[in-house]
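Residues per chain, in single letters:
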Protein chains: 2
Amino acid sequence: MRIASGEWPAHYRLKSEPELAQEFGVSRGTLRRALTTLIEEGLLRQVRGRGTFVTSTTIEPAIAQKLSTLSEDFASQGIVTTTSVRECSLIVPPRPVAALLDVTPGTSVLRLVRVRRTDQGPVALLFNFVRTDLAPGIEGVDFTSSSLFGVLEGTYGLKIATARRTFGAEAAGPDVAAALELDEGAPVQYLQQVTYLADDRPVEYSDVWIHSGRLRVTSLLLRR
Amino acid sequence: MRIASGEWPAHYRLKSEPELAQEFGVSRGTLRRALTTLIEEGLLRQVRGRGTFVTSTTIEPAIAQKLSTLSEDFASQGIVTTTSVRECSLIVPPRPVAALLDVTPGTSVLRLVRVRRTDQGPVALLFNFVRTDLAPGIEGVDFTSSSLFGVLEGTYGLKIATARRTFGAEAAGPDVAAALELDEGAPVQYLQQVTYLADDRPVEYSDVWIHSGRLRVTSLLLRR
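Residues numbered from 1 in each chain as written. Chains lettered and ligands numbered in written order. Predicted model: local features only at pLDDT ≥ 70, side-chain atom pairs only at ≥ 80, totals over all residues. Heavy atoms only, no water.

### Concerning the overall build of chain A
- Summing up its helical and strand segments, chain A has 6 helices and 9 strands in all.
- For chain A, buried positions account for 50% of its 224 residues.
- Excluding contacts between residues fewer than 6 apart, the proportion of contacts in chain A whose partners are at least 24 apart in sequence is 56%.
- For chain A, the exposed surface amounts to about 10,200 Å²; the carbon and sulfur share of it is 52%. (Helix = DSSP H or I, 4+ residues; strand = E, 2+ residues; numbered from the N terminus. Buried < 20%, exposed > 50% of the residue type's maximum accessible area, 1.4 Å probe, protein only. Contact = heavy atoms within 4.5 Å. Areas by Shrake-Rupley, 256 points an atom, 1.4 Å probe, with all protein chains shown as cover.)

### Examining the interface of chain A and chain B
- On the side of chain B, 52 residues touch chain A, which itself brings 50 residues to the contact.
- Interface area, chain A with chain B, both sides summed: about 4,600 Å², of which 49% is carbon and sulfur.
- Sorting the residues of chain A by area buried against chain B places Arg164(A), Leu221(A) and Arg223(A) first, and these three jointly supply 18% of that buried surface.
- Our enumeration of links across chain A and chain B arrives at 0 salt bridges.
- Here chain A and chain B share 6 residue pairs in polar contact (both at pLDDT 80 or more) between them.
- Elements with a contribution of two residues or more to the side of chain A that touches chain B: α4 (95-100), α5 (148-155), β6 (160-171), β7 (187-197) and β9 (217-222) of chain A.
- The residue inventory of the side of chain A that touches chain B, partitioned by class, reads 23 nonpolar, 11 polar and 16 charged.
- Here β9(A) pairs with strand β6 (residues 160-171) of chain B via 6 bridges, running antiparallel. Across the sheet, residue Leu220(A) finds its bridge partner in β6(B), namely Arg164(B). (Buried area = accessible area lost by both parts, 1.4 Å probe. Salt bridge = Lys/Arg side-chain N within 4 Å of Asp/Glu carboxyl O. Polar contact = N/O pair within 3.5 Å; in protein donor to acceptor, adjacent residues only side chain to side chain. Nonpolar A, V, L, I, M, F, W, Y, C, P; charged D, E, K, R; others polar. Pairing = 2+ DSSP bridges.)

### Quick notes on the pairing of strand β4 (residues 109-118) of chain B
Residue and element names in this part refer to chain B.
- Counted residue by residue, β4 has 8 buried out of 10 residues, so it is predominantly covered.
- Two strands pair when backbone bridges link them, and strand β3 (residues 82-91) and β4 are joined in this way by 9 bridges, in the antiparallel orientation. Looking across to β4, one finds that serine 89 is bridged to arginine 111.
- Bridge count between β4 and strand β5 (residues 121-131): 10 bridges; the pairing is antiparallel. Looking at the pairing, valine 115 lines up with leucine 125 of β5.

Limitation: the analysis is restricted to geometry and does not speak to function.
Written out as structure tokens, the structure is:
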């Protein structure tokens, strides 16, 4: 009730059990059973050492905070996603992408185009450009079931170390709108990323469009 | 030239000086003078231990990465901003804001509404809600010249420790559009934040709308 009314918004930290029991005029045993039910239903979640919080109704991956990927963040939160691969082929990348990947203009790279969806519908459209000199034969991988970072690190033994991620709001063009089931011109969260290996060589460039109504990028930040 | 053509896009890391000198067929002295000129013009920037990079044409604060504020990030990059204060008064906040600030419904808090602009025009519209029990009299501060975190930490001695920041893309409503000089419905980068003190009490809630064409939120991320 308090969650539905907005009195307890997403991320609200509940008071202590004794305070809540008093507020509702119930015993602590009754309160605890009620909280357990809400946790099982996914409306609350307990964070060790921090307390009990109201769950957000949109998915909130922490990809603004550390170099994890969307699929890793979904997996760690127990969110089931499916991936459809729209393209997985060798192409000559646009010149700015070639420069950011530090390859000679005219060199082929992998272009991987994927749509990721949860049971709510499509949440992200991903374009990745990957250096094939660092991952020869990668165009033969089935990315329906494998994650890109998983393949680069696991199959090719690459040491992914850092990335530079930029966030912006964009109007959905026809392709983005169709892929994310949005109206053309609707605002979409755009992420651009260049990923570097431990030896500072760029390995991957990506453009990602996110359905902002279904997925909110989140960051827990420390002052010092 | 290579910067203007997109052959060297923003964030591109230049090759070493000997390689570049050879590529252009000039002496290393000539090359170094050319680079120095481009650095002075702001088209390149040198990062100690990392190399020389092409500068971005949009402003890119790293506020997705650590708990710095827009004004701190501008200051550290030497970008001159001006702030106009549209509102600085005590109000009863909307219920979800009261809950996130952990104040009893009906309690007054500071509402601070500001527009931040660079010489390109307005870049951000900020709504802050601040607990006045933690900062009594804060409604009397002149926020044209003082930063909010500066006042909370400096004047009130509060220990700001953590924040939770959420990113989304939104369509500009009439007020946001007018403040940021955008068309209504244009995509804007939206940030929502709750800031906590070292003792875990929430001190501030904010809604921030960013002109995505003028300012791109950026994050340098580490894999492990």
